[in-house]
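What follows is the residue order along each chain.
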Amino acid sequence: MLRPRIIPSLLVHDGGLVKTTGFKDPKYVGDPLNAVRIFNEKQCDELAVFDIDASISGAGPDFKLISELASECRMPLCYGGGVRNVEDAKRIISLGVEKVALSAAALANPALITAIAKELGRQSVVVVLDVRKRMLARDYEVYTHNATRKTGVSMSDALQSMQAAGAGEIIINSIDDDGSMKGYNLDLARKARAQLHIPMTMLGGAGKPADFSELFAACGTMGAAAGSYFVFKGVYRAVLISYPDQQQKDAIIAAGQPADA
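The structure presented is a predicted model; accordingly, all values stated were derived computationally and were not measured.

**Some thoughts on the overall build of the protein**
Of regular secondary structure, the protein possesses 11 helices and 14 strands. For 261 residues, the compact-globule formula gives about 18 Å, and the C-alpha radius of gyration of the protein, at 17 Å, lands near that figure. Overall, the protein is about 40 × 40 × 35 Å in size when its C-alpha atoms are taken along their principal axes. Looking at the protein as a whole, 53% of its 261 residues are labelled buried. Taking the contacts inside the protein whose residues are at least 6 apart along the sequence as the reference set, 64% of them involve residues at least 24 apart. When the accessible surface of the protein is split by element, carbon and sulfur atoms take 52% of a total near 11,900 Å². In the protein, which carries 29 positive and 29 negative side-chain charges, the distance between the mean positions of the two groups comes to 3 Å.

Next comes the structure, spelled out in structure tokens:
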């Protein structure tokens, strides 16, 4: 049975853990393995790790890092970065990762989603769509390569294509809200959720517990991912890894339920 999930999203850059704002200005926040150990202790629902160098440099997955992360991780792990073929995906899953995330490669070749889903099961294939609202328009456009390349593809078209190809989950990453900590873009979340019949996770903008509750209230059962919220504390953004305890998490989910639920 699906349930609301609260998911830390970690970005790896030059081997270190970083956090960006608007997909720019990566700030070093620590060692990825140490972060995983802390999130283990805090009993996270799930963990997502993205290598933001891979697509820009054209590199493949960092299998050494993936192996180290999977060995440490005591929760479901989603990994994205540099996956270009079925063999990459199979090797990542064999290392102990539950989900493989695709972005630019999936958009360029939706058949890759189908092939990986056939080999590993649909539940193991996640597609990340980095989106930004189009100027003077009501829809959103998909970007790739850390939001440096426009695809010309609308979010709606991408959602239909990725879902039809066999994606088991979609992550919607709001470029403009990345690192803002001002709350999720609920308009964007609703638009995406209405077009999907598979699990969805929203990423970008969470800054307080109420933001998670508002997302669940707006869109129902889904994943609520965040980066800054889990690694920064206070107005000066001091680095401190955190995650709600079970009582806090229950309160967040309860606050996101309809009044008549």
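**Side note on unusual backbone geometry**
The backbone of Gln 43 shows a phi angle near 55 degrees, a positive value even though the residue is not glycine. As for its position among the elements, Gln 43 is in the loop between α1 (32-41) and β4 (47-51). We classify Gln 43 as exposed; its relative accessible area is 64%. A positive phi angle, close to 55 degrees, is found at Asn 146, a residue other than glycine. Structurally, Asn 146 can be placed in the loop between β8 (140-144) and β9 (149-154). A residue is classified by how much of its surface remains accessible, and Asn 146, at 22% relative accessible area, is partly exposed.

The rules we used
Residues numbered from 1 in each chain as written. Predicted model: local features only at pLDDT ≥ 70, side-chain atom pairs only at ≥ 80, totals over all residues. Heavy atoms only, no water. Helix = DSSP H or I, 4+ residues; strand = E, 2+ residues; numbered from the N terminus. Rg over C-alpha atoms; globule rule 2.2 N^0.38 Å. Buried < 20%, exposed > 50% of the residue type's maximum accessible area, 1.4 Å probe, protein only. Contact = heavy atoms within 4.5 Å. Areas by Shrake-Rupley, 256 points an atom, 1.4 Å probe, with all protein chains shown as cover. Lys, Arg positive; Asp, Glu negative; His and termini not counted. Charge placed at Lys NZ, Arg CZ, Asp CG, Glu CD.

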